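Examination of the molecular architecture
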Protein chains: 2
Amino acid sequence: MGQQAAASIRQVARAARVSVGTVSNVLNRPSVVAPATRRRVLAAIDELGFVRNESARQLRSGTARTIGLVVLDVGNPFFTDLAKGVEAAATEAGHAVMLCNSDGSRDRESRHLELLAQQQVHGVLMSPVEDDLSSARELAARGVSVVLVGHPAESEDLCSVAVDDRVGGEVAVTHLLATGRRHLTMIAGSPATRQCAERHAGGRQALRRAGHDPADLEFLEVATLDVAAGQRAAEQLLARGELPDGVFCVNDLVALGLLQVLLRAGVSVPDDVAVVGYDDIDFAAAAAVPLTSVRQPATLLGRTAADLVIAEGTGSGHQHQQVMFTPELVVRESTGHREDRGRATGGPAWGALLRPVRELGGRVGAQEPEPAG
Amino acid sequence: MGQQAAASIRQVARAARVSVGTVSNVLNRPSVVAPATRRRVLAAIDELGFVRNESARQLRSGTARTIGLVVLDVGNPFFTDLAKGVEAAATEAGHAVMLCNSDGSRDRESRHLELLAQQQVHGVLMSPVEDDLSSARELAARGVSVVLVGHPAESEDLCSVAVDDRVGGEVAVTHLLATGRRHLTMIAGSPATRQCAERHAGGRQALRRAGHDPADLEFLEVATLDVAAGQRAAEQLLARGELPDGVFCVNDLVALGLLQVLLRAGVSVPDDVAVVGYDDIDFAAAAAVPLTSVRQPATLLGRTAADLVIAEGTGSGHQHQQVMFTPELVVRESTGHREDRGRATGGPAWGALLRPVRELGGRVGAQEPEPAG
DNA sequence: GCGCGTTGTTGAAACGATTCATTAACCCGG
DNA sequence: CCGGGTTAATGAATCGTTTCAACAACGCGC
């Protein structure tokens, strides 16, 4: 113990009085080595504290047993849930996961991708920062398997695993309309990003279907998609004197920030304003007012993506696949019906769980939950 | 574009009509190469889409430009904040971070450590699953720099960056006592884990100081430390008919789960029960009842640890350091004074930061790092 | 006793980048 | 025109592992 220099396979070989080839065989194909020899080698390995040098293995074999995962925001539980799914699938297949955080920055994203390429990773899963998929394509062109996560690949030259954002937006807004809301605001990031645009489009579509003017869904843009952004957005809304009666947030972090500031300002949710979030992270249910949210199957998304990338990197004849899941609406108190109004603003609606039902929003007829009894 | 085989330095050399050594020089010491040659080489690199093979570099240089970070729970925002600090510092120093999740499992922890050792990482930061630091020591003995995060190294043979858990527990319970609570329960994981034990000990100390019986702080053990565990703990408390009037949770996730179930059951927080969490994650402020919490400087912790591990791996004569920060209590509504009762929940105890001091316990006089940016 | 298949073991040739001792080319003062 | 110094470029050795053709030893049937 305590040796500084890591022992190499050669020293193990010498200690066990065998050739390097035999040591390698003990490591990789133990069955072809005579038991006595094997034992001797294993003893030497133990004795010297030998650790396989992964760099050398990779160099020889050409590809690493690692897959990269680049997410938009590690601070968002949606992405850590996703990461858990990825890790589970990867571990089963004997791969390690390298989790990288692009934080919504194109620069950081490309730095990470470059790094992953240099590591000769088996494949890369990424939730792209922007719609411009050139960096993903470039990576794929270099021979790295790429699977987009949370962003459908429009063309067939890439794999992707996503959730239908348009349906998500539609379900959310349909629900707001059904609770009697008419002046709606959507809080989201740049409309140039697919997710925000699609969810917005879904919302407009819901309005159209219901016979309203799609322009009734105002678009309020925020720079980032975190709790702080939601807080700022709420301040902005409050500052202009008139509030919408329904707000659809592009994710739960924004919704939680918004909720917090609204409540603090004495605005009642859901009586004055209904709030719908997106992702249904664990914290949504535990919020000041439990949050209605559009749920995405984060872990499943991760698992599926990892399975795809592993298959693509391993198999020979690979067909690119675009997988699409459908989100479901989870109704909680933040969108209680207007009829519920009249309750004290303060604490006490607690415990009166409006609707514990969890409901699946389908594509065509995202049904409305029964009005609270 | 579209080439399958990654170009090697040799092919670049051929294309640019120079030797491999020159290409390597262009990559690593551009100044020693004549401008014309350099341009030619760069053009070839661009043309062939050459990507440095990190495995080969590592193999040659002996160590990777990567540091490993093994955390107890990626789903806990405390750890993602910490990870952000690590990443910031690592990136500045030109290192990549490999984020691993042990999920509180010793097995997973050692698998990750093994993997990191095989990758010849520059160093490892870890928040150990158990108090038994043998795996950390073993890794260190193999020549890998190890820094413990969130767990002080009792002996001097390891670096560590931690926050004083005893003080944290003491501050939390002192505060509960100050708001008039007398029947206290602490919800935590196994008392065999240092963090839980220390925070508990701190709490008992607070009782003793205040002239009470330390046994007044009941210890309720939960198996995991997440939202679900808090929910179960709340159900357990509710089931026995009599509630404590103050609960100290070992982290905010547990506190949030507890809070949610208590409120749902019609229990008033803080009137019936005061709740204190730990870590002060972003969601604590946005909870159903904004959560009083013991704040740890997560990002700073990460930065400091990363700086240490980078220094240790780089420098020659290295002194192991044990850095200790002091937590601060952030008071919010979940522990409103009993006197405050009757007030609407939307109360203003905000911003009344008890101890904004940030204190560094050094070994021999470790200076206070400047508050990051 | 010879050939044959089986079973274990060997050692050298990759993999791709870095390093370093050599060599080549050139400038300049004497 | 020569010697010494500077600047550029070279190519072989090296890192630790895997793979694979070659070989040794052995048992066995004829």
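For the structure given in this document, a descriptive report is provided here. Since the model is a prediction, treat every value here as computed from it, not as a measurement.

Before going further, it helps to spend a moment on the pattern of salt bridges. One pass over the structure, following the stated rule, counts 34 salt bridges over all chains. Note that Arg 240 of chain A is salt-bridged to Glu 218 of chain A, the shortest N-O span being 2.7 Å. With Arg 240 of chain A in the loop between α10 (227-239) and β8 (246-249) and Glu 218 of chain A in strand β7 (residues 217-221), the pair connects residues that are 22 residues apart, well separated along the chain. One salt bridge connects Glu 333 of chain A with Arg 264 of chain B, and the closest N-O pair in it is separated by 3.6 Å. Here Glu 333 of chain A, found in the segment after β12 (328-330), pairs with Arg 264 of chain B, found in helix α11 (residues 252-264), and the two come from separate chains. Relative accessible area serves as the criterion here: at 8%, Glu 333 of chain A is assigned to the buried category.

Turning to the protein's contact with DNA strand C, a few remarks are in order. The environment of DNA strand C is made up of 25 residues, and the closest members are Ser 19 and Thr 37 of chain A together with Ile 9, Arg 57 and Arg 60 of chain B. In this structure, a phosphate oxygen belonging to DNA strand C sits 2.9 Å away from a side-chain N or O atom of Thr 22 of chain A. In this structure, Ile 9 of chain B approaches DNA strand C through a main-chain N or O atom, which is 2.3 Å from a phosphate oxygen. Elements with a minimum of two residues in the surface near DNA strand C: α2 (20-28) and α4 (54-61) of chain A together with α1 (9-16), α2 (20-28) and α4 (54-61) of chain B. If you tally residues by element for the surface near DNA strand C, the top one is α4 of chain B, at 4 residues.

This part covers the protein's contact with DNA strand D. Neighbouring DNA strand D are 25 residues; Ile 9, Arg 10 and Arg 60 of chain A together with Ser 19 and Thr 37 of chain B lie closest to it. In the interface set of DNA strand D, defined as its atoms within 4 Å of the protein, sugar plus phosphate atoms amount to 63%. Between DNA strand D and Ile 9 of chain A there is a distance of 2.4 Å, counted from a phosphate oxygen to a backbone nitrogen or oxygen. At 3.0 Å, a side-chain N or O of Arg 60 of chain B approaches a base oxygen of DNA strand D. Of the residues contributing to the surface near DNA strand D, the split by class is 10 nonpolar, 9 polar and 6 charged.

On the chain A side, the residues contacting the 51 residues of chain B number 54 residues. Interface of chain B and chain A: buried area, both sides summed, is about 4,500 Å²; carbon and sulfur atoms make up 58% of it. At the junction of chain B and chain A, the tally comes to 6 salt bridges. A salt bridge links Arg 108 of chain B to Glu 87 of chain A, with the shortest nitrogen-to-oxygen separation between them at 2.9 Å. The tally of links between chain B and chain A comes to 9 residue pairs in polar contact (both at pLDDT 80 or more). Counting residues per element, the ones that place at least two in the side of chain B that touches chain A are α4, α5 (77-92), β2 (96-101), α6 (106-118), α11 and α12 (282-285) of chain B. Counting residues per element, the side of chain B that touches chain A draws most heavily on α6 of chain B, at 7 residues. Taken together, the residues of the side of chain B that touches chain A break down into 24 nonpolar, 16 polar and 11 charged.

Here we take up the nonpolar core. Formed by 117 residues in total, the largest nonpolar core has its most connected members in Ile 187 of chain A together with Leu 125 and Ile 187 of chain B. Take this core: its biggest share by element is 9 residues, from α11 of chain B. Each residue touching Ile 187 of chain A, except ones within four places of it in the same chain, is listed here: Leu 220, Val 222, Ala 233, Leu 237, Val 247, Phe 248, Cys 249, Val 250, Val 254 and Leu 258 of chain A. Core analysis: the second largest hydrophobic core is formed by 38 residues, Leu 113 and Val 124 of chain A together with Leu 148 and Leu 158 of chain B among them.

Look at the link from Val 269 of chain A to Pro 270 of chain A: it is a cis peptide, with omega at 15°. On the secondary structure map, Pro 270 of chain A appears in the loop between α11 (252-264) and β9 (274-279). The backbone of Gln 120 of chain A sits at a positive phi, close to 55°, despite the residue not being glycine. Looking at Gln 120 of chain A, the relative accessible area reads 17%, which means it is buried. The phi torsion at Arg 17 of chain B lies on the positive side, around 55°, for a residue other than glycine.

Before going further, it helps to examine the sheet that holds strand β6 (residues 184-188) of chain B. Residue and element names in this part refer to chain B. A sheet is described by the order of its strands in space; here 6 strands give the open sequence β7-β6-β8-β9-β10-β12, paired in mixed fashion. The sheet is open, and its two borders are formed by β7 (217-221) and β12 (328-330), each paired with just one other strand. Strand-to-strand twist in this sheet, taken as the mean axis angle between neighbours without regard to direction, amounts to 20°. Alignment of strand β9 (residues 274-279) against strand β10 (residues 292-295), held across 4 bridges, turns out to be parallel.

Here is what the cut-offs are and how they apply
Residues numbered from 1 in each chain as written. Chains lettered and ligands numbered in written order. Predicted model: local features only at pLDDT ≥ 70, side-chain atom pairs only at ≥ 80, totals over all residues. Heavy atoms only, no water. Salt bridge = Lys/Arg side-chain N within 4 Å of Asp/Glu carboxyl O. Helix = DSSP H or I, 4+ residues; strand = E, 2+ residues; numbered from the N terminus. Buried < 20%, exposed > 50% of the residue type's maximum accessible area, 1.4 Å probe, protein only. Near = heavy atom within 4 Å. Polar contact = N/O pair within 3.5 Å; in protein donor to acceptor, adjacent residues only side chain to side chain. Nonpolar A, V, L, I, M, F, W, Y, C, P; charged D, E, K, R; others polar. Contact = heavy atoms within 4.5 Å. Buried area = accessible area lost by both parts, 1.4 Å probe. Core = buried A, V, L, I, M, F, W, Y, C linked by side-chain atoms within 4.5 Å. Pairing = 2+ DSSP bridges. Axes fitted to C-alpha atoms, helices over the stretch in contact; angles between N-to-C directions.

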